[in-house]
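# Structural features, examined
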Amino acid sequence: MEPKKKQILLVEDDDSHAELITRAFEHREEFSIVVKQTLQSALLYLKENNPHLVISDLRLPDGEGIQLLQQDSHKRNYPLVIMTSQGDEKIAVEIMKAGALDYIVKNSPIFFDMPHIADRILREWNHILQKKQAEEELLQMNIQLKKANEELKLTQVQLIQSAKLASLGELATGIAHELNQPLATISMNAEMMLEFIQEATQEEFFQSYQLILQQVERSSQIIRHLRVFGRESTLEKCKLQEFNLLIKNSLTLLKEQFRLRTIEIVFDLANPSPLVWCNAIQIEQVLTNLFLNARDALEKSPQKKITIRSFIQEKYGVCEVEDTGIGIAEKNQARIFDPFFTTKEVGKGTGLGLSISYGIIKNHHGFIEVQSQEGQGALFRIRLPSIVSETYCAG
């Protein structure tokens, strides 16, 4: 099969010049020359054909060769070389700015050298096309990467939300106890108030009334925290938060569980509280997860104690959660933040809690680390920036 020839459109109204250029290509069988003498005939030809190269005189009977560039530059897929009889530098600059790939001054040596000029122009054009293709591919890759990143963020939000709901499931029994206690107090005092009204003991009546109000407020706090904890964290923005308050909020739904399991909670919190720039809901989720892990680690421990510390370290607010549980084997510490890795018994852990916590802290430009020796408890340390910065916002 004969190779396809490279087609050159020559737009030249001077017959002698056109003949000299055509002759120069006689020994180059890979080229095919098509000659047009006017701008309009050239434009009509380009509508139906796709030449590899266009060589045009600047001055034509019905216009200028540079008008061949007025087509949509994104659709134009040929290089244009402009010829002129004048070696005017100003005209040359205008031609190149308009989009011509080269500008040559007419003379006999140039005409005979036209095949070499064509070779050079086609090489340059090929490089331009390759660069353009690479840029388009890079643009598409960036679009796909951005889309994948958005999908990843959405998946991460959904995973965080699922983990929160799973945590609420674990806390359900404790929450029921937390709510039952104030409800029982309210019920008892409401019954007593009826007796106080009948017996006209006003002081005792108001005491019961105050107790009811206190227990209603306590129940409301528990419900408010449940609603906040269960809300999607993307609705919350990063703010300067008191680390101590985040710690106490995270313990709201756990107090009854710790009491029922006779777990002692020891606080060693800095005063004033360290301030941290964070998404409060996400950090409370991390802290809740650490408290639940500490609770589970103490299940078979004779001494059941969790120590919670807060302090300032350079530009970071720090929280430590230390338990007196079974500890973590050295071989497992390097994998403790890996997704789906868990040291808990089958059915008691998904291996996602610490992995999600690690991701949340990393998104806050913070650090989470563990120190432990098997049989001697574990200490988890969180460091969060105290600097106000939008780049440190995970929400």
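For the structure, check the block above.
Residues numbered from 1 in each chain as written. Predicted model: local features only at pLDDT ≥ 70, side-chain atom pairs only at ≥ 80, totals over all residues. Heavy atoms only, no water.

### Examining the overall build of the protein chain
A tally of helices and strands in the protein chain yields 11 helices and 14 strands. Residues classed as buried in the protein chain amount to 42% of the 395 residues present. Within the protein chain, residue pairs in contact and separated by at least 24 positions form 71% of the contacts whose partners lie at least 6 positions apart. When the accessible surface of the protein chain is split by element, carbon and sulfur atoms take 53% of a total near 23,000 Å². (Helix = DSSP H or I, 4+ residues; strand = E, 2+ residues; numbered from the N terminus. Buried < 20%, exposed > 50% of the residue type's maximum accessible area, 1.4 Å probe, protein only. Contact = heavy atoms within 4.5 Å. Areas by Shrake-Rupley, 256 points an atom, 1.4 Å probe, with all protein chains shown as cover.)

### What to know about the pattern of salt bridges
If charged atoms from side chains of opposite charge come close, those side chains can pair. Counted according to the given criterion, the structure contains 13 salt bridges. As a salt-bridge pair, Arg120 and Glu124 come within 3.2 Å of each other at their nearest N and O atoms. Highlighted residues: Arg120 and Glu124, both in helix H5 (residues 114–199), separated by four residues, approximately one helical turn. We classify Arg120 as partly exposed; its relative accessible area is 29%. Within this structure, Arg309, Glu320, Glu322, Glu369 and Arg381 form a network of salt bridges that share partners. (Salt bridge = Lys/Arg side-chain N within 4 Å of Asp/Glu carboxyl O.)

### What about the packing of aromatic side chains?
One pass over the structure, following the stated rule, counts two aromatic pairs. Taking the centre distance of 5.3 Å and the plane angle of 70° together, the rings of Phe25 and Phe31 count as edge-to-face. Exposure class is identical for Phe25 and Phe31. Each is buried. An angle of 65° between the planes, with centres 5.8 Å apart, marks the rings of Tyr316 and Phe367 as edge-to-face. With Tyr316 in strand S12 (residues 316–323) and Phe367 in strand S13 (residues 367–372), this residue pair connects regions lying 51 residues apart in the sequence. The exposure class of Phe367 is partly exposed, given its relative accessible area of 39%. Sitting over the face of the ring of Tyr316, Arg383 holds its NZ or CZ atom 5.6 Å from the ring centroid. (Phe/Tyr/Trp six-rings, centres within 6.5 Å; stacked < 30°, edge-to-face > 60°. Lys NZ or Arg CZ within 6 Å of the ring centre and 35° of its normal.)

### Observations regarding empty space enclosed by the protein
Tallying each qualifying case throughout the model produces one cavity of 30 Å³ or more. In this structure, the largest cavity is lined by Leu290, Asn293, Ala294, Val321, Asp323 and Phe380. The set of elements that each furnish at least two residues to the lining of the largest cavity consists of helix H9 (280–297) and S12. (1 Å grid on protein atoms, 1.4 Å probe; cavity = no way out; pocket = protein on both sides within 12 Å on 5 of 7 lines; lining within 4 Å. Points joined across faces, edges and corners; volume = space filled by probe spheres on them.)

### Digging into the sheet that holds S12
What links the strands of a sheet is backbone hydrogen bonding, and the strands pair in either a parallel or an antiparallel sense. Read across the sheet, five strands follow the order S9-S11-S12-S14-S13 without closing on themselves; strand pairing throughout is mixed. Among the strands making up the open sheet, the edge pair consists of strand S9 (264–269) and S13. Across the sheet, the mean angle separating the axes of adjacent strands is 15° when strand polarity is ignored. Examined bridge by bridge, S13 and strand S14 (residues 378–385) share six bridges and lie antiparallel to one another. When the sheet's bridge partners are listed, Phe367 is paired in S14 with Arg383. Lying over the sheet, H9 contacts strand S11 (305–313), S12 and S14, oriented at roughly 20° with respect to S12. (Pairing = 2+ DSSP bridges. Axes fitted to C-alpha atoms, helices over the stretch in contact; angles between N-to-C directions.)

### Considerations on the packing of helix H7 (residues 243–251) against H9
In the contact formed by H7 and H9, the axes pass within 9 Å of each other and the chain directions differ by 60°. It follows from the interaxial angle that H7 and H9 lie oblique. Crossing angle aside, the handedness with which H7 passes H9 is right-handed. Contacts from Phe243, Leu246, Ile247, Asn249, Ser250 and Leu251 of H7 reach H9 at Ala280, Ile283, Glu284, Leu287, Thr288 and Phe291. Within the contact of H7 with H9, the residues separate by chemical class into eight nonpolar, three polar and one charged. (Parallel < 35°, antiparallel > 145°, perpendicular 65-115°, else oblique. Left-handed = near helix turned anticlockwise from the far one by under 90°. Nonpolar A, V, L, I, M, F, W, Y, C, P; charged D, E, K, R; others polar.)

Read these as geometric descriptors, not functional statements.
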